[in-house]
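Analysis of the macromolecular model
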Amino acid sequence: MIEQDSFLVEQIRVKDKASYLTLLEHVRKLYLENRESFEKRIAEKNMRQAQRNKKRIERESRERSELQDRIVQGKYNVFHWPDKLNIEKLKQLYYLDAKGIQDIDLADEIGLTLYLRCKYGKEDMERMERYVIRCHHCQAELEGDGDFRQCQCGYQYSYREYRRSYRRNNMPTGAAAKVFEAFLSDWTMAKGYSQKIVLIDSLLHEFHLSLISGAVHRPVAMNFIDGTVEKVTNIINSLARE
């Protein structure tokens, strides 16, 4: 239970370092007293998950085998997600801006990259919630009840693999949604360098807030900027200090 100046856990009120350490010791004792039970439950959970994974792999293998005669090589599950932002180009934009140099072409390129990630991240998630996907070749919407989708342009997709590809490419959704929705609506109306750099800077400010929030999730910036977690974190922190 969270209160104005403290929080309560099993009758232990935490309001300073001493009470915090008391809580940690209490939790440690609980774990040691119930360690065997905890480890047994974890092992059982892992075993169930392993069994589910095995069944899923077997099922998907059968489905792929059944589809062999329908799949067109070179046109099945060909995904083209919007590019992420290049870190070096982002640094260059801020370097030039600090020098008083307004590179409108670079600002447009960076803003458009962010915009497209926002746009397709939002729209594709909304489609998938309706069990619909977008053809990455002609942009047509592909509906259906099953996993296999055939577009009139000749490209084919697995709904399941579409979702997995969406996640693997870190398309922005979930925790990132609130961050990019305002940028989506504002970017299309922005005119001139000054308005565009303010919008880009506002989005990066939101990335920084996500980094320092303490929330346990992949930094929102990873949805938009190309690079490792360490590199992306360093550039966002660096730009936030300028």
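**Focus: the overall build of the protein**
Helix and strand content of the protein: eight helices and six strands. Its helices and strands in sequence order give the protein the pattern β-β-α-α-α-α-β-β-β-β-α-α-α-α, from N to C terminus. Expected size for 242 residues packed as a compact globule is a radius of gyration near 18 Å; at 24 Å, the protein overshoots this value by more than 25%. Seen along its three principal axes, the alpha-carbon backbone of the protein occupies a region of about 65 × 60 × 30 Å. By residue count, 36% of the 242 residues in the protein fall in the buried class. Taken together, the 41 basic and 37 acidic charged side chains of the protein have centroids lying 5 Å from each other.

**Side note on the packing of aromatic side chains**
This structure, assessed with the given rule, holds ten aromatic pairs. Seen in terms of ring centroids, tyrosine 31 and phenylalanine 38 are 5.8 Å apart; in terms of plane orientation they differ by 15 degrees. Their pairing is stacked. Chaining the aromatic ring pairs together yields one cluster made of Phe79, Trp81, Tyr157, Tyr162 and Tyr166. The ring of tyrosine 120 has lysine 119 lying over it, and the distance from NZ or CZ to the ring centre is 4.8 Å. Arginine 149 extends its terminal NZ or CZ atom over the ring of tyrosine 131, reaching a point 4.6 Å from the ring centre.

**Focus: the nonpolar core**
In a soluble, globular protein the nonpolar side chains are often hidden away together inside. Phe207 and Ile225 are the most contacted members of the largest nonpolar core, which totals 33 residues. Within the residue set of this core, elements represented by two or more residues are helix 3 (87-98), helix 4 (104-129), helix 6 (177-187), helix 7 (192-212) and helix 8 (229-241). Considering each element in turn, this core owes the most residues, seven residues, to helix 7. Non-local contacts of isoleucine 225, meaning those with residues more than four positions away in its chain, are made with Lys84, Leu85, Ile87, Leu90, Phe207, Val232 and Ile236. In terms of nonpolar packing, the next biggest core, distinct from the first, is built from 15 residues, Phe79, Trp81, Cys135 and Cys151 among them.

**Describing unusual backbone geometry**
With a phi close to 65 degrees, tyrosine 131 is a non-glycine residue in the positive phi region. Mapping tyrosine 131 onto the fold places it in the loop between helix 4 and strand 3 (133-134). The backbone of asparagine 170 sits at a positive phi, close to 55 degrees, despite the residue not being glycine. On the basis of relative accessibility, which here comes to 16%, the residue asparagine 170 falls in the buried class.

**Quick look at the environment of tyrosine 157**
Note that tyrosine 157 resides in strand 6 (residues 156-158). Classification of tyrosine 157 as buried rests on a relative accessible area of 0%. Along the sequence, tyrosine 157 and histidine 136 sit 21 residues apart, while their C-alpha atoms lie 9.6 Å from each other. Separated by 2.8 Å, the side chain of tyrosine 157 and the backbone nitrogen of histidine 136 make a polar contact.

**Topic: the packing of helix 4 against helix 5 (residues 159-168)**
Relative to each other, helix 4 and helix 5 sit at 150 degrees, their axes nearing to 12 Å. Taken together, the axes of helix 4 and helix 5 are roughly antiparallel relative to one another. Along this stretch, helix 4 crosses helix 5, giving a crossing that reads as left-handed. Together, Tyr120, Gly121, Asp124, Met125 and Met128 of helix 4 and Tyr159, Tyr162, Arg163 and Tyr166 of helix 5 make up the contact between the two elements. Residues that form the contact of helix 4 with helix 5 fall into these classes: six nonpolar, one polar and two charged.

**What about the packing of helix 3 against helix 4?**
At their nearest, the axes of helix 3 and helix 4 sit 10 Å apart, and the two run at 140 degrees to each other. As summarised for this structure, helix 3 and helix 4 are arranged oblique, according to the angle between their axes. Judged by the sense of rotation from one axis to the other, the crossing of helix 3 with helix 4 is left-handed. Only Leu106, Ala107, Glu109 and Ile110 of helix 4 make contact with helix 3, whose side of the interface consists of Lys89, Leu90, Gln92, Leu93 and Leu96. Looking at the contact of helix 3 with helix 4 residue by residue, the classes come out as six nonpolar, one polar and two charged.

What counts as what
- Residues numbered from 1 in each chain as written.
- Predicted model: local features only at pLDDT ≥ 70, side-chain atom pairs only at ≥ 80, totals over all residues.
- Heavy atoms only, no water.
- Helix = DSSP H or I, 4+ residues; strand = E, 2+ residues; numbered from the N terminus.
- Rg over C-alpha atoms; globule rule 2.2 N^0.38 Å.
- Buried < 20%, exposed > 50% of the residue type's maximum accessible area, 1.4 Å probe, protein only.
- Lys, Arg positive; Asp, Glu negative; His and termini not counted.
- Charge placed at Lys NZ, Arg CZ, Asp CG, Glu CD.
- Phe/Tyr/Trp six-rings, centres within 6.5 Å; stacked < 30°, edge-to-face > 60°.
- Lys NZ or Arg CZ within 6 Å of the ring centre and 35° of its normal.
- Core = buried A, V, L, I, M, F, W, Y, C linked by side-chain atoms within 4.5 Å.
- Contact = heavy atoms within 4.5 Å.
- Polar contact = N/O pair within 3.5 Å; in protein donor to acceptor, adjacent residues only side chain to side chain.
- Axes fitted to C-alpha atoms, helices over the stretch in contact; angles between N-to-C directions.
- Parallel < 35°, antiparallel > 145°, perpendicular 65-115°, else oblique.
- Left-handed = near helix turned anticlockwise from the far one by under 90°.
- Nonpolar A, V, L, I, M, F, W, Y, C, P; charged D, E, K, R; others polar.

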